[in-house]
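# Analysis of the macromolecular model
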Amino acid sequence: MTSIHFNSGSSTALQLLGGAVQEKEQVQQEVATGKEINSAKDQAALWAITQVMESDAMAYGAVSESLSLNEATTSVAAFGAERATEILTEMKELAIMGASGLVDFAKIEEQMAQKTESLNNVISSTQFNGVNLLKSDIDGSGNSSMTVAEAVSRNGSSAQAGLASFSVESLDFEGSADFDINDRTTITDSASAQTALGEIEGFLNFAIEGAARMGAATSRIANQNEFVGKLADATRSGISALQDANIEDVATRLKAASVKVQLGQTSLAIANASPQTLLAIS
């Protein structure tokens, strides 16, 4: 016998309404976030996978930013090395003129001294973000090379990720014995000009090789940065495929959930009215 003090119909309707409201809230959250999986309780296994992949995507972003900084640093160094070759080419021309013997050697040496000073200025000022790859000590801390992080690696499903890197060595225009520009032979006559010419030829070859190496490093970093960017995009696309909601499906489910809530409210109202009817009869 149904008791008017405990309305079983009302209790059942209330439970159904509670379930419908909870379902509607879940669907509304999917609509608001655009994600089917918002927390571990939605789908524990897939949520764990997406969290690891999100971490990877963030790591790719950090690597890309680092690569952009390193690319700018090597690009500046390559420009400085190329400028050094230009100055040395001008010095070579002066030495050839001196070797011909039909010039004022004092004026030739004066111009050589000015270009040597210009070359030293290039070496000292070719820096980006405090790193100068033309100097012996590239950053004021005694380092002779720059470490470039280029990739994040993973073994299996482990959350532990390794960082792959390579080094860009200093061109050392400042301290290399093969680029001892400040101790070149002073031009005073044809013979000394001929000696200076041989020295400058060696300096020029050293600078050309250095500029080529720095250009190659810049190209490698740029290519790796492009790859990491595409890898990050592909990873984000994979995350989206796993956790993003199908908007059309969610919209349909939201309408259905809203109808369930309305029906639940109607059922609860009817169930609540039943005891009042019995009391009126009695």
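Residues numbered from 1 in each chain as written. Predicted model: local features only at pLDDT ≥ 70, side-chain atom pairs only at ≥ 80, totals over all residues. Heavy atoms only, no water.

## Some details on the overall build of the protein
Spelled out, the test is: Segments assigned H or I by DSSP are reported as helices when at least four residues long, segments assigned E as strands when at least two residues long, and all are numbered from the N terminus. Each residue's exposure class comes from its accessible area (1.4 Å probe, protein chains only) as a fraction of the maximum for that residue type: buried when under 20%, exposed when over 50%, partly exposed otherwise. Only heavy atoms matter for contacts: two residues are in contact if any of them lie within 4.5 Å across the pair. Residue exposure ignores everything except the shown protein chains as possible cover, and the areas themselves are Shrake-Rupley values with a 1.4 Å probe.
Within the protein, the secondary structure is distributed over five helices and two strands. The buried share among the 282 residues of the protein stands at 32%. Here the analysis covers contacts within the protein between residues at least 6 apart in sequence; of these, 73% occur between residues at least 24 apart. In the form shown here, the protein has an accessible surface area of approximately 15,800 Å², with 54% of it arising from carbon and sulfur atoms.

## A word on helix α2 (residues 44-100)
Counting along an α-helix, one turn takes 3.6 residues, and residues three or four places apart therefore face a common direction. Formally: Here the expected length of a helix is defined as 1.5 Å per residue gap, with one fewer gap than residues.
In this model, α2 (57 residues) spans 84 Å end to end at C-alpha, consistent with the 84 Å of a helix rising 1.5 Å per residue. In the segment just after α2, G101 is the residue with positive phi, at about 85 degrees.

## Here we look at unusual backbone geometry
If you check the backbone angles, N129 has positive phi at about 55 degrees while not being a glycine. Mapped onto the elements, N129 comes out in the loop between α3 (105-125) and β1 (145-154). Look at N129 and you get exposed, because its relative accessible area is 58%. Although it is not a glycine, D172 adopts a positive phi angle of roughly 50 degrees. Structurally, the position occupied by D172 is in the loop between β2 (161-169) and α4 (190-243). By relative accessible area, which is 23% here, D172 ends up partly exposed.

## Some details on α3
Put simply, the rule is: The arc in question is the one traced by the directions running from the helix axis out to the C-beta atoms. N or O atoms within 3.5 Å of each other form a polar contact, as long as, within protein, one can give a hydrogen and the other can take it, and as long as residues adjacent in sequence are counted only when both atoms are side-chain atoms.
Across its 21 residues, α3 extends 30 Å between first and last C-alpha, which sits within 8% of the 30 Å expected from 1.5 Å per residue. Within α3, burial applies to F105, I108, E109, M112, T116, L119, V122 and I123. Projection of α3 onto a plane perpendicular to its axis shows the buried side chains occupying an angular sector of 130 degrees, all on one side. Exposed residues on α3 whose side chains face more than 90 degrees from its buried face are A106, K107 and E117. Residue D104 occupies the N-cap position of α3, its side-chain oxygen lying 3.0 Å from the main-chain nitrogen of A106.

## Comments concerning the nonpolar core
The condition is simple: Among buried residues, those of type Ala, Val, Leu, Ile, Met, Phe, Trp, Tyr and Cys that are joined through side-chain atoms within 4.5 Å constitute a nonpolar core.
Of all hydrophobic cores here, the largest spans 46 residues; its most connected members are L88, L119, L133, V168, F173 and F179. The set of elements that each furnish at least two residues to this core consists of α2, α3, β1, β2 and α4. Looking at this core element by element, the count peaks at 14 residues for α4. The residues contacting L88, other than those within four sequence positions of it, are L119, F179, I181, I200, F203, L204 and A207.

## Notes on the packing of aromatic side chains
Inclusion rule: For Phe, Tyr and Trp, where Trp contributes only its six-membered ring, two rings pair if their centres lie within 6.5 Å, and the inter-plane angle classes them as stacked under 30 degrees, edge-to-face over 60, or tilted in between. Comment: the charge-over-ring label is applied if NZ (Lys) or CZ (Arg) is within 6 Å of the ring centre and within 35 degrees of the ring normal.
One pass over the structure, following the stated rule, counts four aromatic pairs. Relative to F206, the ring of F173 has its centre 5.8 Å away and its plane inclined at 55 degrees; by these criteria the two rings are tilted. Within this pair, whereas F173 is found in the loop between β2 and α4, its partner F206 is found in helix α4, the two being separated by 33 residues in sequence. Each member of the pair, F173 as well as F206, carries the same accessibility label: buried. One aromatic cluster is present, formed by F173, F179, F203 and F206 through successive ring pairs. Its end group placed over the ring of F166, R220 keeps NZ or CZ at 3.7 Å from the ring centre.

## Some words on the side chain of S64
Checked against the element boundaries, S64 lands in helix α2. Polar side-chain contacts of S64 include one of 2.7 Å to the side chain of N225. Filtering out sequence-adjacent residues up to four positions away, S64 remains in contact with N225 and V228.

## What about the environment of E169?
The topology assignment puts E169 in strand β2. By relative accessible area, E169 is classed as partly exposed at 43%.

## With respect to the packing of α2 against α3
So the rule is basically this: Each axis is a line fitted through C-alpha atoms, and for a helix only the stretch in contact is used; angles between axes span 0 to 180 degrees, taken between their N-to-C directions. To sort the angles, those under 35 degrees are grouped as roughly parallel, those over 145 as roughly antiparallel, those from 65 to 115 as roughly perpendicular, and the leftovers as oblique.
Interaxial distance between α2 and α3 falls to 10 Å at its minimum, and their mutual angle equals 170 degrees. With respect to their mutual orientation, α2 and α3 come out roughly antiparallel. Residue-level contacts link G80, R83, A84, I87, L88, E90, M91, L94, A95, M97 and G98 of α2 to F105, I108, Q111, M112, K115, T116, S118, L119 and V122 of α3.

## Points about the side chain of T73
Looking at where T73 falls in the secondary structure, it is placed in helix α2. What T73 contacts, discounting residues up to four positions off in sequence, is F128, V131, L133 and M146.

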